[in-house]
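Geometric and topological summary
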Amino acid sequence: MGVEGIGARVARKEDKRFLTGKGHYTDDMAVPGMRYAAFVRSPHAHARIRSIDVSQAEDMPGVVGVLTGREMLDDGIGNLICGWMIHSKDGSPMKMGAWRPIAHETVRYVGDAVAIVVADSVGEARDAAEAVAVDYEVLPAVTDTVAALEDGQPQLHPEAPNNLIYDWQIGDGAAVDAALAAAAHVTEMRIVNNRLAPNPMEPRAALGIYDAGEDHYTCYTTSQNPHVARLVMSAFYNVAPENKLRVIAPDVGGGFGSKIYIYPEEISCLWASKRTGVPVKWTCDRTEAFLTDAHGRDHVSTVKMAFDADHRIIGLKVDTIANFGAYMSLFSAAVPTYLYATLLSGQYDIPAIHANVRAVYTNTVAVDAYRGAGRPEATYLLERTMETAARELGLSPAELRRINFIRTFPHQTPVIMNYDAGDYEASLKAAMAEADWDGFPARKAEAASRGKKRGIGMSCYIEACGIAPSAAVGSLGAGVGLWESAEVRVNAVGTIEVLTGSHSHGQGHETTFAQLVADRFGVPIDSVSIVHGDTDKVQMGMGTYGSRSGAVGMSAVVKALDKVEAKAKKIAAHLMEADESDIVIENGALKVAGTDKSVPWFQMALAAYTAHNLPAGMEPGLKEGAFYDPSNFTFPAGCYICEVEVDPETGKTEIVQFVAADDFGNIINPMIVEGQVHGGLAQGIGQALLEGVHYDRETGQLLTASYMDYAMPRADDLPSFKVSHQVTPCPNNPLGIKGCGEAGAIGSPPALINAITDAIGNNDLDMPATPQKVWAAARAAAN
Amino acid sequence: MSRVAMTVNGRKVSRECEDRTLLVHFLRDHLSLTGTHVGCDTSQCGACVVYMDGRAVKSCTILAAQAAGSEILTIEGLAAGGDLHPVQAAFKANHGLQCGFCTPGMVMSAVDMINRYGADLDEKTVRENLEGNICRCTGYHNIVKAILAAAQEMGAAGRQAAE
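Chain B is annotated in an unreviewed UniProt entry as (2Fe-2S)-binding protein from Shinella pollutisoli.

An unreviewed UniProt entry lists chain A under the name Xanthine dehydrogenase family protein molybdopterin-binding subunit, from Shinella pollutisoli.

So this is what it looks like as structure tokens:
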């Protein structure tokens, strides 16, 4: 692998600029004449706008312009859309209500934008925003996931009667009903997956620059997929044609899904820049982020799992209601359907599965993909149910899982997925050994002597990464293809630029993508630059989400490297008068195998560009591109074990150990992969122990709108993690890699809740397991 | 508007700014020192930590006018002309950062912590002292590791200098 090749723990190339304060985030950008935007936002969860009076605001100091949704409508700016079509089981298309970037008739959640103010300073823009007088007719609101479907509830969109967006199903309902009827045992549960705020540390921001001379727009934005942003803003929102719109996502401070979507604010800044004639920058503050960033999860489900007398699962029935908030965000429709219900087989051989999913509107901010997106919800439901079933059946949780593991591959589940490779037993075994599972009873007894309740829980997760292939996802309703692009440019001096449509916002692409090149050509990674995040530099790409950058983005790079290698070998063979098939590339040189003849890499590159001595008919230069469309999803899987101590006096849970054993296939940089697992675990543990978005049921006010109210995981809430890898290479991509970005957040919540419920002897506990809830549940169990 | 003067990273500066300007915005918007970040509006996240007269402070909680006449050290000045400060180097070696947004504040808090506790830092103390800095990417695992490694190295270097 070499010191910088595939598998090496290379320290990151990008770190220096971040460590020295030289990163370039969107809010760091400044251009001549730039002014600042503030949005006027609805203080009501549901209201009709009677009138908007901007006259006082327009006269405020420093104000350049105050613009409303009516003017935006007049300029032909389109509605925000959901890019994935789902059909209900009756064949009707999903009911998408109109979402205006700036509302002019009705506001549907607290934070909905109603006007944009542009002024000389942020302070002046905010002062003027407060002076915009909006006359609202306040309407009743509904925020609760289940209540939204009940009779007599407030109705959000005329397009969606009873707030129902779709009523979708997958699997064979009759087969599952027969299995339930014939079962020796049925485990039933109601599972709530709590609503979360993604909270990347960099708040969203946008800088819109309109160049009147060229009739051209530039948008700096905090995006995980600038090319998709350009496509959507051009094709659907009518901001500008693609050739007149450049989108740049520079350094981006975390995303976790919430920066996939195209939000009203970047559209508004671009439009306002043309309207006012000045570059317009908006940076949200944290409360605004809580109010307007797409949230995650928010499912309420019931599940029935049927077992035969040998403890084999013979059927699984799931009913889920998913809260979509007030509008359908870009990916929302796919999350509780093709990213959730298709994973309900987990690691188990289940002959019959049926899932029914209803998506509903509520007077809350939009809900969309957040780290894991559907797969954490499926895993939590399945792994809580497995642990509960093991307790009911009197089996060890490991034994019940072993009885039901899928052991031969490929494996076709009853819910679309075809698992290509895996070894679930290997991860289970590794995790149990690392956790010293067998020593738990002694540790529990020791904890009891100190008055503490100790518990242990496990979770065996599977996920599907690198959504693909494009034709298949298109047939399931996706509005885009999910391939990736790459271009490899070898310069005349031998240095290399790799252009990728993937986007790095913490994942370390500048290092790992360079490792692929170092591995292939033996050149130092410092001679390789990774270019991403700018639609003027990279022609097209699909961005980074769903753990797709490795499996899909890197595979595209490999394809382009194949082409570069083939041409480089032809040039070298010609220079050395050797046969092309005898050329090998090692340590930055092209050599004739079995001889001492060689040409340094840079000399071959120079020859490509001088073109003085190339093979007959060969074009000068050395630059190759590729598009890669995967043939299948990838299927990372693993086993997590969590051990806790609960203080029955206070209900406080301490995580005493957390073990993660993951199979991500082949690994490019173990240090970075471990970091991804650590971060995912922290978010999953946050969901299970600390985090939860709460809206007031009556008024729809967001009660958790700051770090004083929303409990983010802090360093002293978490332990150090024990992480290991088991490897079954993915057979469907050239590098054999599966993806690692979401696993931690997917596998950890059920392991933690299984551990706490084991400790307190009460299985009736919903996330987040706050001390108050745990204390009450422990007391209920004791009495 | 008022004129505010202070010393930032060893350089004397003076700028006209609105009276309500916070120190963090003075640094970012008036001095183009954009390494100091704003991650919240309730003094919780710590992305804005700088040194004011040798003490670690959250620059989102101090008016620029309150910092008039003081000595400010930001992330840009930490390495003092060198390549990387030992804490910065330890963050890199231990992969203590991902998206990099909380990193400047984390590093400034870590330096302050090591100055206060020396090489005797243990994991529990590091985790407790990071209470005022939020990271969403790393799960803190490698940040803790980096701070412990830097404390060891700085402690050893300190002892060598003393001998």
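From this point, the discussion proceeds with the structure in view.
1. Thoughts on the overall build of chain A
Along chain A, the regular secondary structure elements total 19 helices and 28 strands. Over its C-alpha atoms chain A spans a radius of gyration of 27 Å, differing by no more than 12% from the 28 Å that the globule rule assigns to 783 residues. The principal-axis extents of the C-alpha atoms in chain A amount to approximately 90 × 70 × 55 Å. A burial count over chain A gives 59% of its 783 residues as buried. Long-range contacts, defined here as pairs at least 24 residues apart, represent 80% of the contacts in chain A between residues at least 6 apart.

2. Things to note about the overall build of chain B
Across its full length, chain B carries five helices and five strands. Listed by position from the N terminus, the elements making up chain B come as β-β-α-β-β-β-α-α-α-α. On C-alpha atoms alone, chain B measures out to a radius of gyration of 16 Å, which is about the 15 Å that the 2.2 N^0.38 rule sets for 163 residues. Taken along the three principal axes of its C-alpha coordinates, chain B extends 45 × 40 × 25 Å.

3. Let's talk about the interface of chain B and chain A
Between chain B and chain A, the residue contacts involve 46 residues of the former and 43 residues of the latter. Broken down by element, the residue count for the side of chain B that touches chain A peaks at four residues, all from helix α2 (residues 86-93) of chain B. In terms of residue class, the side of chain B that touches chain A is built from 20 nonpolar, 16 polar and 10 charged.

4. Overview of the nonpolar core
Ranked by internal contacts, the top residues of the largest apolar core, which has 320 residues, are A:Ala37, A:Ala115, A:Val117, A:Ile756 and B:Ile147. Sort the elements by how many residues they give to this core and helix α15 (residues 549-576) of chain A lands first, with 11 residues. Not counting the four nearest positions on each side in its chain, A:Ala37 is found in contact with A:Ile116, A:Val117, A:Val118, A:Ala125, A:Cys269, A:Ala272, A:Val280, A:Lys281 and A:Trp282.

5. Thoughts on the environment of A:Val117
All names here are of chain A. The topology assignment puts Val 117 in strand β5 (residues 113-119). Of the residues examined, Val 117 has 30 C-beta atoms within 10 Å and is grouped as buried. Residues Val 117 and Phe 39, 78 residues apart in the sequence, show an inter-C-alpha distance of 6.2 Å. If we ignore the near neighbours within four places in the chain, the residues touching Val 117 are Ala 37, Ala 38, Val 40, Ala 57, Val 63, Val 66, Ala 125, Ala 128, Ala 129 and Val 132.

6. Quick word on helix α12 (residues 440-449) of chain A
Across the 10 residues that make up α12(A), only a small minority, zero, are buried. The positive-phi residue at the C-terminal boundary of α12(A) is A:Gly451, with phi of around 80 degrees.

7. Side note on the domain arrangement of chain A
For an interface, size is often stated in terms of accessible area lost upon the parts coming together. Residue and element names in this part refer to chain A. Examined at the domain level, chain A breaks down into domain 1 (31-139 + 201-254 + 259-292), domain 2 (299-467 + 632-782) and domain 3 (483-628). Each partner contributes residues to the interface: domain 1 has 16 residues there, and domain 3 has 14 residues. Secondary structure elements with two or more residues in the side of domain 1 that touches domain 3: α6 (226-235) and β11 (245-248). By residue number, the principal contributor to the side of domain 1 that touches domain 3 is α6, which donates four residues. Split by residue class, the side of domain 1 that touches domain 3 holds eight nonpolar, five polar and three charged.

8. Observations concerning the domain arrangement of chain B
Residues and elements named next belong to chain B. One can read the domain layout of chain B as domain 1 (2-77) and domain 2 (86-162). On a C-alpha basis, the centres of domain 1 and domain 2 stand 22 Å from each other. In this assembly, 14 residues from domain 1 lie in contact with 11 residues from domain 2. Tallied by class, the residues present in the side of domain 1 that touches domain 2 amount to eight nonpolar, six polar and no charged.

9. Focus on the confidence of the model for chain B
For chain B, per-residue confidence averages 95 on the pLDDT scale, and 96% of positions sit at 70 or higher. Here the predicted complex scores 0.97 on pTM and 0.97 on ipTM.

10. Describing helix α1 (residues 23-30) of chain B
Residue and element names in this part refer to chain B. In terms of residue burial, α1 counts as a mostly covered element, since six of its eight residues are buried. Restricting attention to buried positions, one finds in α1 the residues Leu 23, Val 24, His 25, Phe 26, Leu 27 and Arg 28. Tucked into the core, α1 has its buried residues touching β1 (2-8) and β2 (11-17). Phi turns positive one or two residues past the end of α1, at Ser 32, with a value near 55 degrees.

11. Re the UniProt feature "domain: Aldehyde oxidase/xanthine dehydrogenase a/b hammerhead" (unreviewed entry) in chain A
In the numbering adopted here, UniProt assigns the feature "domain: Aldehyde oxidase/xanthine dehydrogenase a/b hammerhead" (unreviewed entry) to residues 20-140 of chain A. Along residues 20-140 of chain A, the helical share is 17% and the strand share 29%, with 51 Å between the first and last C-alpha atoms.

12. Re the packing of α2(B) against helix α3 (residues 103-117) of chain B
Residue and element names in this part refer to chain B. For the pair α2 and α3, interaxial distance at closest approach is 9 Å and the crossing angle is 120 degrees. The orientation of α2 with respect to α3, classified from their angle, is oblique. Seen from above, α2 lies across α3 with right-handed handedness. Judged by residue contacts, Val 87, Gln 88 and Phe 91 of α2 engage Thr 103, Val 107, Ala 110, Val 111 and Ile 114 from α3.

13. A word on the pairing of strand β25 (residues 623-628) of chain A
All names here are of chain A. Residues Glu 624, Ala 626 and Tyr 628 point to one face of β25 and are all buried, whereas Lys 623, Gly 625 and Phe 627, pointing to the other face, are not buried. When strand β19 (residues 484-490) meets β25, the two strands line up antiparallel, connected through six bridges. Opposite Glu 487, over in β25, you have Gly 625 as the bridge partner.

14. Some words on the sheet that holds β19(A)
All names here are of chain A. Pairing within the open sheet is mixed, and its four strands lie in the order β21-β20-β19-β25. Because the sheet does not close on itself, it has two edges, and the strands there are β21 (528-531) and β25. Ignoring strand direction, the axes of neighbouring strands in this sheet form an average angle of 15 degrees. Where β19 and strand β20 (residues 496-500) come together, five bridges link them in antiparallel fashion. Across the sheet, Val 488 pairs through a bridge with Val 498, a residue of β20. Of the strands in this sheet, β20 and β21 are in contact with helix α14 (residues 509-521), which crosses β21 at around 130 degrees.

15. Thoughts on the sheet that holds strand β27 (residues 653-663) of chain A
Two pairing modes exist for strands in a sheet, parallel and antiparallel, and in both the strands are linked by backbone hydrogen bonds. Residue and element names in this part refer to chain A. Taking strand neighbours across the sheet as the criterion, the four strands line up as β18-β26-β27-β28 in an open arrangement whose pairing is mixed. Each having just a single partner strand, β18 (453-462) and β28 (722-725) make up the two edges of the open sheet. Between one strand and the next, the sheet's axes are offset by a mean angle of 10 degrees, whatever the strand orientation. Bridge count between strand β26 (residues 637-646) and β27: 10 bridges; the pairing is antiparallel. Each bridged residue has a counterpart across the sheet, and for Val 644 the counterpart in β27 is Ile 655.

16. Considerations on the packing of α14(A) against α15(A)
Residue and element names in this part refer to chain A. Where α14 contacts α15, the two axes come as close as 11 Å, and the packing angle between them is 35 degrees. Along this stretch, α14 crosses α15, giving a crossing that reads as right-handed. Judged by residue contacts, His 509, Phe 513, Leu 516, Val 517 and Arg 520 of α14 engage Ser 549, Met 554, Val 557, Val 558, Leu 561 and Glu 565 from α15. Here the residues of the contact of α14 with α15 are counted per class, giving seven nonpolar, two polar and two charged.

17. Description of the pairing of strand β2 (residues 47-53) of chain A
Residues and elements named next belong to chain A. Here β2 pairs with strand β4 (residues 106-107) via two bridges, running antiparallel. Opposite Ala 47, over in β4, you have Val 107 as the bridge partner. Both β2 and strand β6 (residues 133-138) contribute to a ladder of six bridges, which runs antiparallel. When the sheet's bridge partners are listed, Ile 52 is paired in β6 with Val 134.

18. Considering the environment of A:Ile52
All names here are of chain A. Inspection of the secondary structure assignment puts Ile 52 in strand β2. According to the C-beta neighbour criterion, Ile 52 is buried, with 20 such atoms within 10 Å. In sequence terms Ile 52 and Gly 69 are 17 residues apart; their C-alpha atoms lie 10.0 Å from each other. Excluding residues within four positions of it along the chain, Ile 52 makes contact with Thr 68, Val 114, Ala 115, Val 132 and Val 134.

Definitions and limits used
- Residues numbered from 1 in each chain as written.
- Chains lettered and ligands numbered in written order.
- Predicted model: local features only at pLDDT ≥ 70, side-chain atom pairs only at ≥ 80, totals over all residues.
- Helix = DSSP H or I, 4+ residues; strand = E, 2+ residues; numbered from the N terminus.
- Rg over C-alpha atoms; globule rule 2.2 N^0.38 Å.
- Buried ≥ 20, exposed ≤ 12 C-beta atoms within 10 Å, placed from the backbone.
- Contact = placed C-beta atoms within 7 Å.
- Nonpolar A, V, L, I, M, F, W, Y, C, P; charged D, E, K, R; others polar.
- Core = buried A, V, L, I, M, F, W, Y, C linked by C-beta atoms within 7 Å.
- Domains from an automatic or database assignment.
- pLDDT = per-residue confidence, 0-100.
- UniProt positions renumbered as here; feature names shortened; annotations may be inferred.
- Axes fitted to C-alpha atoms, helices over the stretch in contact; angles between N-to-C directions.
- Parallel < 35°, antiparallel > 145°, perpendicular 65-115°, else oblique.
- Left-handed = near helix turned anticlockwise from the far one by under 90°.
- Pairing = 2+ DSSP bridges.

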